[in-house]
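Now for the letters of each chain:
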Amino acid sequence: MSRTEEFQELRPLLFSIAYRILGSVSEAEDAVQDTWLRFEASPTQPRSAKAFLSATVTRISIDVLRSARVRREEYVGHWIPEPLLSDPYEDPARSAELADSVSMAALLLLERLSPLERAVFVLREVFAFGFPEVASAVGRSEAACRQLAVRARRHMAAERPRFEADRTEREELASRFFDALREGDVAGLQELLAADVSMVGDGGGKAPQLARAVIGADNVARLLAAAFPSLARIDVTFEPHEVNGQPGAIVRDRDGKVLHTLSLDVLDGQIRTIRLVINPDKLRHLGPVADAWAIDREARQARRHLP
């Protein structure tokens, strides 16, 4: 194969590695593009294109993450990863690890690791790279990588998110949730929410957002039931869609532009966490983005005219 063909064959894997390290679709795409430029410019043909490209995208992602961590510490409000609608890389032998590691909950947990720990965990635990390959990718000895892996694994295992295993049950619950949401059915929503459910939004200071997390089934149900019927009156619609491997939706304005995404963590037949990504900078990869401020003003006006 030519270099271009080799790269295109491995592109899904490279993106999936970068996204798990960075939690950002746009930054992951940039890392993959930079990896191609380095591969194209390499004067010699690597013995293993997969090893070379995986190591390159990992190093680039580690460097990007180190600078991104400073920005995230100064971020306005809750920081939530950029929503991913579908993971381009598939491996039937690693399907469980791949699905769990791309969830919003897992990505937020990975944020607590150091950049090196995160990269080692992603390569070793998610993609099953051998320690020689991991060591080459992160520029550390195999012994050091084993220690990094142990620390990362211990931290992730202590707080590893759990989700409803039955896909059909998750989708049915999500369908009931969106029906209750459209109708403003407080009791119907309360029935689906865990007692300690939390709802968080990420506007990044660039869109209307929750001032803080909303906790508790009653509080979350009442807030949702008050907000969404008025959005429906101005032709805002829900497009059910998996978001980071969990049930969710893309919320669009009357012109089909993306207003925000919504994802649900489901366990034991109840919704445990609701995450809204509203920051327009995190939605551009999904298509044209709506003016969230204008939608908010119009929805408030519609709410005043509700019977």
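Throughout what follows, the structure given in this document is the object of discussion. (Residues numbered from 1 in each chain as written. Predicted model: local features only at pLDDT ≥ 70, side-chain atom pairs only at ≥ 80, totals over all residues. Heavy atoms only, no water.)

Helix and strand counts for the protein chain stand at twelve helices and six strands. Computed over its C-alpha atoms, the radius of gyration of the protein chain comes to 21 Å, within 12% of the 19 Å expected for a compact globule of 307 residues. Seen through its C-alpha atoms, the protein chain measures out along the principal axes to roughly 70 × 35 × 35 Å. For the protein chain, the proportion of its 307 residues judged to be buried stands at 51%. In the protein chain, once contacts between residues fewer than 6 apart in sequence are set aside, the share between residues at least 24 apart is 68%. By element, 49% of the accessible surface of the protein chain is carried by carbon and sulfur atoms, the whole surface being about 14,400 Å². Computing the positive centroid from 41 side-chain charges and the negative centroid from 46, the protein chain places the two 5 Å apart. (Helix = DSSP H or I, 4+ residues; strand = E, 2+ residues; numbered from the N terminus. Rg over C-alpha atoms; globule rule 2.2 N^0.38 Å. Buried < 20%, exposed > 50% of the residue type's maximum accessible area, 1.4 Å probe, protein only. Contact = heavy atoms within 4.5 Å. Areas by Shrake-Rupley, 256 points an atom, 1.4 Å probe, with all protein chains shown as cover. Lys, Arg positive; Asp, Glu negative; His and termini not counted. Charge placed at Lys NZ, Arg CZ, Asp CG, Glu CD.)

Glancing now at helix 6 (residues 115-126). Along an α-helix, residues three or four apart share an orientation, since each turn contains 3.6 residues. Given a rise of 1.5 Å per residue, twelve residues ought to cover 16 Å, and the 16 Å separating the end C-alpha atoms of helix 6 matches this to within 8%. Within helix 6, the full set of buried residues consists of Pro115, Leu116, Glu117, Arg118, Ala119, Val120, Phe121, Val122, Leu123 and Val126. Positioned one or two residues after helix 6, Ala128 has a phi angle of 60°, which is positive. (Expected span 1.5 Å × (residues − 1).)

The tally for this structure, following the rule as stated, stands at eight aromatic pairs. Centroid distance Phe7 to Trp36: 5.1 Å. Interplanar angle 50°. Geometry classified as tilted. Here the residue Phe7 occupies a position in helix 1 (residues 3-22), and Trp36 occupies one in helix 2 (residues 25-41), the gap between them amounting to 29 residues. According to the relative accessible area criterion, Phe7 is buried, its value standing at 1%. Residues Phe177 and Phe178 carry aromatic rings whose centres are separated by 5.3 Å and whose planes lie at 70° to one another, so their mutual orientation is edge-to-face. (Phe/Tyr/Trp six-rings, centres within 6.5 Å; stacked < 30°, edge-to-face > 60°.)

With that out of the way, let us pick up the pairing of strand 1 (residues 193-202). Across the ten residues of strand 1, eight count as buried, placing the element largely inside the fold. As paired elements, strand 1 and strand 6 (residues 270-277) share six bridges and run parallel to each other. Bridge pairing in strand 6 places Met199 opposite Ile274. In terms of strand pairing, strand 1 meets strand 2 (residues 214-215) through two bridges, oriented antiparallel. Opposite Met199, over in strand 2, you have Val214 as the bridge partner. (Pairing = 2+ DSSP bridges.)

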